[in-house]
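Now for the letters of each chain:
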Amino acid sequence: MVHGVINVRKEKGMTSFGVVSRMRRIFNQKKIGHTGTLDPEVEGVLVVCMGKATKLVDDMSRGTKTYRCTMLLGRVTDTQDLTGTTLRECAVTADEEEVRRALLSFSGKQMQTPPMYSAVKVNGKKLVDLARRGIEVERKAREVEFSEIGIEEIALPYVTFHVTCSHGAYIRTLCHDVGEALGCGACMASLVRTRVEEFRLEDAHTLAELEAMKKEEDERNPGSMYSFVIPIDHFYRTLPACVVKEAAAHLALNGVRLDPDEIMDRAEAEGTGIRVEGELCGGEEIENHSELRLYTADASFIGTFAKRGGKYIMQKHFYIGAI
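Residues numbered from 1 in each chain as written. Predicted model: local features only at pLDDT ≥ 70, side-chain atom pairs only at ≥ 80, totals over all residues. Heavy atoms only, no water.

A. Local environment of the overall build of the protein chain. When helices and strands are counted, the protein chain shows eight helices and 17 strands. By principal-axis analysis of the C-alpha atoms, the protein chain measures approximately 75 × 45 × 40 Å. The buried share of the protein chain, reckoned over its 323 residues, is 49%. As presented, the protein chain carries roughly 16100 Å² of accessible surface, and 47% of it is formed by carbon and sulfur atoms. One finds the centroid of the 43 positive side-chain charges in the protein chain at a distance of 6 Å from the centroid of its 48 negative side-chain charges. (Helix = DSSP H or I, 4+ residues; strand = E, 2+ residues; numbered from the N terminus. Buried < 20%, exposed > 50% of the residue type's maximum accessible area, 1.4 Å probe, protein only. Areas by Shrake-Rupley, 256 points an atom, 1.4 Å probe, with all protein chains shown as cover. Lys, Arg positive; Asp, Glu negative; His and termini not counted. Charge placed at Lys NZ, Arg CZ, Asp CG, Glu CD.)

The following block contains the structure:
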């Protein structure tokens, strides 16, 4: 089974669930999840977690995202993009400077009302399911943030821009709201997700590429970690790395509280030949840290631990081998 994270380039026409289903067939494993849905007509970065890395999904879903969007002024649709039914069309009388000011006015924190065609739930029901039945319900506005908006091209009635936003922000709704501010209406014409936190579009792989890469690596190095899979401990690289003493390894693997003296000091850890990403420490040094990541002497990642009352308690368990 694969345990790690893959940067997938979702192509147009596929649902995010469809990507996960295809990856389950490619890798012949069920435990796979993604960290943020993309609409079928949207392409770009879809971060996929596999095996024990699915424990990262909730935290990674809350990260910032960057998009490249083309907005069409003068048209309002029920889905806030070009896939929906046109509700009204208006002449675009605003000039380029007015459009620029209107779009940039949405920089920073804003209150945004989720669209009906979305996966947001109200009273346990997805808004999109209600919308497809012709039912519209009241939605509460929620705070989102557009930390950066950069205009790339204005060729009225089209406007192309890039935007970095917080979790929960809808770019379709941003386009709609800009159109309302200008008085002519607007909808989203196209959208590409170019970044999710550290994951960039230029580093992403299509499903066809992943399938070919997997086949090649299986033939060349069967049983080895795939080069395109990012290991779980990479996402905890800012925490100091420590190595548990062999006598206490079974305690750590079973989530038992550890005393500081059951963790190797730096010299002992370095003596094992262990190589990990980030800072390696131990002994008295760990007294300066309230949280750490722990390894066995053969560099197997156990998980994250936090200091409570002088002992270290497991927070998240990622060990892959037999306990």
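Continuing now.
B. Expanded view of the sheet that holds strand β14 (residues 241–243). Strand order in the open sheet made by the four strands is β14-β15-β16-β17, with mixed pairing throughout. Edge positions in the sheet fall to β14 and β17 (311–317), since each of these pairs with one other strand and no more. Taken pair by pair, the neighbouring strands of this sheet meet at an average axis angle of 40°, ignoring direction. Across five bridges, the pairing between strand β15 (residues 291–295) and strand β16 (residues 301–308) is antiparallel. Looking across to β16, one finds that Tyr295 is bridged to Phe301. (Pairing = 2+ DSSP bridges. Axes fitted to C-alpha atoms, helices over the stretch in contact; angles between N-to-C directions.)

C. Broad picture of the pairing of β15. Within β15, four of the five residues are buried, which leaves it mostly tucked inside the rest of the structure. Turn length for the β15-β16 hairpin, with the two strands adjacent in sequence and antiparallel, is five residues, and the turn residue Ala299 shows positive phi of about 75°.

D. Quick peek at the packing of helix α1 (residues 16–27) against helix α6 (residues 207–220). Across the interface, α1 lies against α6 with an axial gap of 11 Å and an inter-helix angle of 10°. One way to sum up the angle between α1 and α6 is to call them roughly parallel. Two secondary-structure elements touch here, α1 through Val19, Arg22, Met23, Ile26 and Phe27 and α6 through Leu207, Ala208, Leu210, Glu211 and Lys214. Counted by class, the contact of α1 with α6 contains seven nonpolar, no polar and three charged residues. (Parallel < 35°, antiparallel > 145°, perpendicular 65-115°, else oblique. Contact = heavy atoms within 4.5 Å. Nonpolar A, V, L, I, M, F, W, Y, C, P; charged D, E, K, R; others polar.)

E. Spatial organisation of the packing of aromatic side chains. One pass over the full model with this rule turns up eight aromatic pairs. On the numbers, 5.7 Å between centres and 45° between planes, the contact of Tyr236 with Phe318 is tilted. Of this pair, Tyr236 sits in the loop between α6 and β14 while Phe318 sits in the segment after β17; the two residues are 82 residues apart in sequence, bridging distant segments of the chain. Residues Tyr236 and Phe318 agree in their burial class; the two are buried. (Phe/Tyr/Trp six-rings, centres within 6.5 Å; stacked < 30°, edge-to-face > 60°.)

F. Highlighting the pairing of strand β1 (residues 4–10). In terms of burial, β1 is a largely internal element, six of the seven residues being buried. In this structure, β1 lies alongside strand β3 (residues 43–50), joined through seven bridges in antiparallel fashion. What sits directly across from Arg9, in β3, is Val45.

G. Spotlight on the environment of Ala141. Residue placement: Ala141 occurs in the loop between α4 (127–132) and β10 (142–155). Taking the C-alpha atoms as reference, Ala141 lies 5.0 Å from Gln112; in sequence the two are 29 residues apart.

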